[in-house]
Protein chains: 2
Amino acid sequence: MKFVIIGGDAAGMSAASRAKRNMSDLEVTVLEQTQDVSYSACGMPYNIADPDRDMDDLVVRHAHVFREKQGIDLRTGHRVEGIDRNAKTVAGRNLEGREFEISYDKLLIATGASPIIPDLSGFDLPGVMALKTLEDGKKIKDFIGSRDVKKVVIIGMGYIALEMCEGLRDRDIEVQMVKPRPIFLPWMNPELASVVKEEVEGHGVGIHLGHKIDRIEESGSSLKVICPDSILEGEAVLVAIGVKPNSEMAAKAGLELGPFDSIAVDRTLKTNDENIYSAGDCADAYHVVTGQKTWVPLALRANRAGWAVADNVTGKRTELEGIAGSAVFKVFDLQVARTGLSMGEAEKAGFDPIEVAVKTRSRAHAHPGSTTMHVQIVGDRKSGRLLGMQIVGREGAVHRIKAPSVALHCKMTIEAFSQCDLAYAPPFSPTWDPMLTAANQLIKKM
Amino acid sequence: MKFVIIGGDAAGMSAASRAKRNMSDLEVTVLEQTQDVSYSACGMPYNIADPDRDMDDLVVRHAHVFREKQGIDLRTGHRVEGIDRNAKTVAGRNLEGREFEISYDKLLIATGASPIIPDLSGFDLPGVMALKTLEDGKKIKDFIGSRDVKKVVIIGMGYIALEMCEGLRDRDIEVQMVKPRPIFLPWMNPELASVVKEEVEGHGVGIHLGHKIDRIEESGSSLKVICPDSILEGEAVLVAIGVKPNSEMAAKAGLELGPFDSIAVDRTLKTNDENIYSAGDCADAYHVVTGQKTWVPLALRANRAGWAVADNVTGKRTELEGIAGSAVFKVFDLQVARTGLSMGEAEKAGFDPIEVAVKTRSRAHAHPGSTTMHVQIVGDRKSGRLLGMQIVGREGAVHRIKAPSVALHCKMTIEAFSQCDLAYAPPFSPTWDPMLTAANQLIKKM
């Protein structure tokens, strides 16, 4: 049997490796348009932060290992341009311009996502860059280092924008962040969002909300981001306003699309074509809280989906329950964590949501080193179910959020969550964990 | 209605405060034999570690606040000596030796637990001390400070022994730990236990396992702990071999006892007497994994049980689901966490348990500052259920364990747990959280 995979990033290589492990005589071919496979993409902002680290440190497994040790026919520099579902072939062109056509029995589309670049004047100037591939990362790091960049404008204020912001400040680069929408972290409870905003501003970063961007202009060795009412200047501009799924080819082949034009898959990761799977940042997923389709381009679910595809292709039927909307990031000395639905998302999904945000301490009464911890919790008035949680703090936010994530998978009520035996010791939390305090407060309010 | 509470520690004062909040005209009387109520007992080892901190920092709420602001009739220095269930009275003696008798409509026994002191010669010598009450803590701190103690022997190697060991080493005091049983942290997977043991030994602490203790002898200003084959010497000896529930009075009154002679209560915290509740370290609890009774003297469940009693007494019926066997502690630079059952406990409870222990990294590939993380997971071969987890690491162990704790409350399978959306970012974990890696390994083995 021939298993062909388009895309050699997290989902693609996870699928390839596991399929080979499951069934050693399976013919596995991976077609990857870049030269890089299996690297820690999420690690790039931290690598860029440190001029002394080599970007290739981020490579987890080199192409030759997949080829020689794992017996995977991994073809880098191979860009697939079309899928013929009737003939069961994919066709494209390699870096040297040579055309290729490969037949498959089972196909996995793992084409990932691409940064959204506004269709405005100046976004194609040198020095205007987005971070997605390892090549992008190298380009940014090289640009900053070789030109001794002192000022950067970041367009966007999502996870990657904030991580890059921290990385650049670590290198003592002045950072201005700008975005057209008026609200900082719009999915976040306003009280918690303002804590994050203060942390960023406290590190000397300018935050410019509600600034529509007209164009970017070159001005000597500098770039100007032109807004109707202001101009932000830097030697480089990072565009980090979000990503979109690479689903055009799938759509052209007649595969159904889901939220945000991601490729629609069932719980076995199968598209509407019996022989075609999709996984990773290009594919949609079920949300365990809403039961509805969603699209969340994050690494863990890409890896997990890759494995599930491998299992299904090799005859070990596997269904994925879905994602809980968990996401965490670090920004300067703060940990930011979320799982489940925000108030807005919960309303949109038809729940009758109610929230509280509590401010507690990170450690026990009188324990030295205690810091402030903010926990927001969302519940459903009708069913009593836990719908989501957000935590911001200087310690213990990120790992804590895994508990409500599990609770969401179990469709737990707030009441049941409040009864959980969440261990306590003075260096780590008050007797009542801040999450339990939040749950107890919400119960009172409900 | 008259609600009388014996014992003004975590469970007792939680119950008193909440009962008054629930029902302001309730007559609430608390009888506490010491002078101290509402202090962070678990914080004592950390306070003792720092000669500059006042021990009274640990007091969360002073007696007069309960009396004046909350309207609780709090009587410190009142030792209850007997319960007359027919007359519905309790009787005892106060510090001045005056007898008292008080009638109740509802009674809460929250007498806590006491350190186990072996019935051997020399355990009553000055300088041989155990840590339980705030008075104990002050006595130990004063003894160490005023005599400029340089060497301490700790008998026992449980949580408190290890926390005290760290506290004493912080003060540059030489510590020798000794216990009769041959295994260090016997409930722990041996691989993980050896990591903890090495950490303790790495901080210059002598660990003497399998040393039966014959007696303690005075020798000038020093104390000798005499074992058949060796003698350990220090200016002070801490006895930390465990605690036992203070249930003698309850037993004498004909109340049923549970595991380890703790007071048996149902899910509403009621004893076999309609009008008598028990909560905190003196009472038993249900274990959510086994469904059986267990006895775990820890702070969170004491507070929670106190609240539940208050609710039940004031007519708001509340049932507690039980505990998951979660416990965490810090020892030097290590975090140690457990939840659920160990292999031995799982076997004893009639499961068909299987475990794996994995060694992973605390952060993503190539992320600076990554350390080793050990995760053990226990599952049931028959049902596929998650039964327990243990984690040892330099970061992220303690808060992580809250996720499997929630899973245990939900009776989740290992398979379902392995599908949880546990968020990832490079500074905090590999893409697959170490707990997921452990679950995935166990699935393979099952």
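Conventions used here
- Residues numbered from 1 in each chain as written.
- Chains lettered and ligands numbered in written order.
- Predicted model: local features only at pLDDT ≥ 70, side-chain atom pairs only at ≥ 80, totals over all residues.
- Heavy atoms only, no water.
- Phe/Tyr/Trp six-rings, centres within 6.5 Å; stacked < 30°, edge-to-face > 60°.
- Helix = DSSP H or I, 4+ residues; strand = E, 2+ residues; numbered from the N terminus.
- Buried < 20%, exposed > 50% of the residue type's maximum accessible area, 1.4 Å probe, protein only.
- Lys NZ or Arg CZ within 6 Å of the ring centre and 35° of its normal.
- Least-squares fit on C-alpha atoms with pLDDT ≥ 70 in both.
- Contact = heavy atoms within 4.5 Å.
- Pairing = 2+ DSSP bridges.
- Axes fitted to C-alpha atoms, helices over the stretch in contact; angles between N-to-C directions.
- Left-handed = near helix turned anticlockwise from the far one by under 90°.
- Nonpolar A, V, L, I, M, F, W, Y, C, P; charged D, E, K, R; others polar.
- Buried area = accessible area lost by both parts, 1.4 Å probe.
- Salt bridge = Lys/Arg side-chain N within 4 Å of Asp/Glu carboxyl O.
- Polar contact = N/O pair within 3.5 Å; in protein donor to acceptor, adjacent residues only side chain to side chain.
- Domains from an automatic or database assignment.

1. What to know about the packing of aromatic side chains
Now for step 1: One pass over the full model with this rule turns up eight aromatic pairs over all chains.
Now for step 2: Relative to Trp 187 of chain B, the ring of Tyr 159 of chain B lies with its centre 6.4 Å away and its plane at 80 degrees, an arrangement referred to as edge-to-face. Note that Tyr 159 of chain B is positioned in helix 5 (residues 159-170) and Trp 187 of chain B in the loop between strand 11 (174-178) and helix 6 (190-202), a separation of 28 residues in sequence.
Now for step 3: For the pair Tyr 159 of chain B and Phe 329 of chain B, a centre-to-centre distance of 5.1 Å together with 40 degrees between the ring planes defines the contact as tilted. Taken as a pair, Tyr 159 of chain B in helix 5 and Phe 329 of chain B in strand 21 (residues 327-331) lie far apart in primary sequence, 170 residues in all.
Now for step 4: Judged by relative accessible area, Tyr 159 of chain B falls into the partly exposed class, the value being 27%.
Now for step 5: Cluster of aromatic residues (ring-pair linked, three or more members): Tyr 159, Trp 187 and Phe 329 of chain A.
Now for step 6: Above the plane of the ring of Tyr 286 of chain B lies Arg 267 of chain B, whose end atom (NZ or CZ) is 3.9 Å from the centre.

2. Topic: the relation of the copies chain B and chain A
Superposition of the two copies of the chain requires a rotation about an axis and a shift along the axis.
Now for step 1: Each copy superposes on the other: chain B lies on chain A with an RMSD of 0.0 Å after a rotation of 180 degrees and an axial shift of 0.0 Å. As the rotation angle and translation indicate, the two copies are arranged about a two-fold axis. The position closest to the rotation axis in chain B is occupied by the C-alpha of Ala 403 of chain B, lying 1.9 Å away.
Now for step 2: Counting the interface residues of chain B, we find that 100% of their copies in chain A are interface residues as well, pointing to one common contact surface.

3. Quick word on the environment of Leu 31 of chain B
Residues and elements named next belong to chain B.
Now for step 1: Relative to the assigned elements, Leu 31 resides in strand 2 (residues 27-32).
Now for step 2: A C-alpha to C-alpha distance of 28 Å links Leu 31 and Tyr 46, two positions 15 residues apart in sequence.
Now for step 3: Not counting the four nearest positions on each side in its chain, Leu 31 is found in contact with Val 4, Ile 5, Ile 6, Gly 7, Gly 8, Arg 75, His 78, Val 80, Val 90, Phe 100 and Ile 102.

4. Some remarks on the sheet that holds strand 3 (residues 73-76) of chain A
Residues and elements named next belong to chain A.
Now for step 1: Judged by pairing direction, the sheet is parallel, and its five strands sit side by side in the order 3-2-1-7-18 without closing on themselves. Here the strands that pair on one side only, and so sit at the sheet edges, are strand 3 and strand 18 (276-278). Sheet twist, expressed as the mean angle between neighbouring strand axes with direction ignored, is 15 degrees.
Now for step 2: As defined by bridge partners, strand 1 (residues 2-6) adjoins strand 2 (residues 27-32) across five bridges and the pair is classed as parallel. Paired with Ile 6 across the two strands is Leu 31, which belongs to strand 2.
Now for step 3: Contacts from helix 8 (residues 299-313) reach strand 1, strand 7 (106-109) and strand 18, with the element oriented near 160 degrees to strand 18.

5. Describing the packing of helix 1 (residues 10-22) of chain B against helix 8 (residues 299-313) of chain B
All names here are of chain B.
Now for step 1: It is the contact of helix 1 with helix 8, at a shortest axis distance of 7 Å, that shows an interaxial angle of 35 degrees. Here helix 1 runs over helix 8; the crossing is right-handed. Of the residues in helix 8, those touching helix 1 at Ala 10, Ala 11, Ser 14, Ala 15, Arg 18, Ala 19, Arg 21 and Asn 22 are Ala 302, Asn 303, Gly 306, Trp 307, Ala 310 and Asp 311.
Now for step 2: Partitioning the contact of helix 1 with helix 8 into residue classes produces seven nonpolar, four polar and three charged.

6. So, the environment of Gly 8 of chain A
Residues and elements named next belong to chain A.
Now for step 1: Topologically, Gly 8 is positioned in the loop between strand 1 and helix 1 (10-22).
Now for step 2: Take Gly 8: its relative accessible area is 0%, and that puts it in the buried class.
Now for step 3: As for Gly 8 and Ala 283, which are separated by 275 residues in sequence, their C-alpha atoms are 15 Å apart.
Now for step 4: Look past the residues within four positions of Gly 8 in its chain and what remains in contact with it is Met 13, Val 30, Leu 31, Glu 32, Asp 36, Val 37 and Ser 38.

7. Let's talk about the sheet that holds strand 6 (residues 99-103) of chain A
Residues and elements named next belong to chain A.
Now for step 1: Strand order in the open sheet made by the three strands is 4-5-6, with antiparallel pairing throughout. Strand pairing shows two members of the sheet lacking a second neighbour, strand 4 (78-84) and strand 6, which therefore form its edges. Sheet twist, expressed as the mean angle between neighbouring strand axes with direction ignored, is 25 degrees.
Now for step 2: Bridging between strand 5 (residues 89-94) and strand 6 involves five bridges; their strand directions are antiparallel. Residue pairing for strand 6: Gly 92 is matched across the bridge by Phe 100.

8. Some details on the interface of chain B and chain A
Now for step 1: Each partner contributes residues to the interface: chain B has 62 residues there, and chain A has 62 residues.
Now for step 2: Both sides together, the interface formed by chain B and chain A hides about 5300 Å², and carbon and sulfur atoms give 67% of it.
Now for step 3: The three residues of chain B that bury the most area against chain A are Gln 419, Asp 421 and Phe 428 of chain B, which together make up 14% of that side's buried surface.
Now for step 4: Between chain B and chain A we count two salt bridges in total.
Now for step 5: Lys 402 of chain B is paired through a salt bridge with Asp 433 of chain A; the nearest N and O atoms lie 2.6 Å apart.
Now for step 6: Along the contact surface separating chain B from chain A lie 27 residue pairs in polar contact (both at pLDDT 80 or more).
Now for step 7: Elements supplying a minimum of two residues to the side of chain B that touches chain A: helix 8, strand 21, helix 10 (397-400), helix 11 (402-409), helix 12 (414-418) and helix 13 (434-445) of chain B.
Now for step 8: Of the residues forming the side of chain B that touches chain A, the biggest block, six residues, is contributed by helix 11 of chain B.
Now for step 9: Each residue belonging to the side of chain B that touches chain A can be placed in one class, and the counts come to 34 nonpolar, 18 polar and 10 charged.

9. Some words on the domain arrangement of chain A
Residue and element names in this part refer to chain A.
Now for step 1: Segmentation of chain A into domains returns domain 1 (2-38 + 60-113 + 243-313), domain 2 (117-239) and domain 3 (327-445).
Now for step 2: Taken together, the 18 residues of domain 2 in the interface contact 18 residues of domain 3.
Now for step 3: Across the domain 2 to domain 3 interface the summed buried area is about 1800 Å²; carbon plus sulfur atoms make up 68%.
Now for step 4: On the domain 2 side of the contact with domain 3, Trp 187, Leu 192 and Glu 199 bury the most area, a combined 34% of that side's loss.
Now for step 5: At the junction of domain 2 with domain 3, the criterion picks out two salt bridges.

10. What to know about the pattern of salt bridges
Residue and element names in this part refer to chain A.
Now for step 1: The tally for this structure, following the rule as stated, stands at 43 salt bridges over all chains.
Now for step 2: In this structure, Lys 212 and Asp 214 form a salt bridge, with 2.8 Å as the shortest nitrogen-oxygen distance.
Now for step 3: The exposure class of Asp 214 is partly exposed, given its relative accessible area of 26%.
Now for step 4: Three or more residues are tied together by salt bridges with common partners; here these are Arg 18, Asp 311 and Lys 316.

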